Amino acid sequence: QVQLVESGGGLVQAGGPLRLSCAASGRAFSGYAMGWFRQASGKECGFVARTSRGGGSTSYADSVKGRFTISRDNAKNMVYLQMNTLKPEDTAVYYCAASLLPVSQVLGMADFGSWGQGTQVTVSS
């Protein structure tokens, strides 16, 4: 399985941007669909975004659509989450994850076999 390490989290004012990065190591990064999930304190982990192996197909949770953008650079073994117009309710630990399934078959956390350690994003009002 691919190994993942997130970075880029921090404290940001509401309305501001933040870009998260996920560095992957291991074989065949381009063979994995990639996703971002988040977990706020005391709440269940939820889906944020996903992208296909080549990065040509993306999908987003309704709560972030139009504000967040997932992308990947397979040559650099990197996946990104560009977050704009952040809201306090976006505060959470953000995790990147990898799945061997085609992106169309990725339905939830159980479909991802590799996970990063998470990075904290805190949005102040």
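A. Summary view of the sheet that holds strand E8 (residues 78–83). One open sheet accounts for four strands, arranged E1-E3-E8-E7; its pairing is antiparallel. At either end of the open sheet lies a strand with only one pairing partner, and these are strand E1 (3–7) and strand E7 (68–73). Geometrically, the sheet is characterised by an average inter-axis angle of 15 degrees between neighbouring strands, direction not taken into account. Bridge count for strand E3 (residues 18–25) against E8 is six bridges, and the pairing is antiparallel. Pairing of Cys22 across the sheet is with Val79, part of E8.

B. Spatial organisation of the state of the cysteines. Within this structure, the stated rule accounts for one disulfide. In this model Cys22 forms its disulfide with Cys96; the gap between the sulfur atoms is 1.9 Å. One disulfide, between Cys22 and Cys96, carries an S-S torsion of 50 degrees and so falls in the right-handed class. You can see Cys22 sitting in strand E3 and its partner Cys96 sitting in strand E9 (residues 92–99), a full 74 residues away along the chain. For Cys96, a relative accessible area of 0% gives the class buried. No disulfide involves Cys45; its nearest neighbouring cysteine sulfur is the one of Cys96, lying 12 Å away.

C. Main features of the pattern of salt bridges. Applying the stated rule across the entire model yields two salt bridges. Among the salt bridges present, the one from Arg38 reaches Asp90, with a minimum N-O distance of 2.9 Å. Here the residue Arg38 occupies a position in strand E4 (residues 33–39), and Asp90 occupies one in the loop between E8 and E9, the gap between them amounting to 52 residues. By relative accessible area, which is 13% here, Arg38 ends up buried. Look at Asp90 and you get buried, because its relative accessible area is 1%. In this structure, Asp90 and Arg67 form a salt bridge, with 2.8 Å as the shortest nitrogen-oxygen distance. With Asp90 in the loop between E8 and E9 and Arg67 in the loop between strand E6 (58–60) and E7, the pair connects residues that are 23 residues apart, well separated along the chain. Residues participating in the shared-partner salt-bridge network are Arg38, Arg67 and Asp90.

About the criteria used
- Residues numbered from 1 in each chain as written.
- Predicted model: local features only at pLDDT ≥ 70, side-chain atom pairs only at ≥ 80, totals over all residues.
- Heavy atoms only, no water.
- Pairing = 2+ DSSP bridges.
- Helix = DSSP H or I, 4+ residues; strand = E, 2+ residues; numbered from the N terminus.
- Axes fitted to C-alpha atoms, helices over the stretch in contact; angles between N-to-C directions.
- Disulfide = S-S within 2.5 Å.
- Buried < 20%, exposed > 50% of the residue type's maximum accessible area, 1.4 Å probe, protein only.
- Salt bridge = Lys/Arg side-chain N within 4 Å of Asp/Glu carboxyl O.

Taken by themselves, the reported measurements are silent on function.
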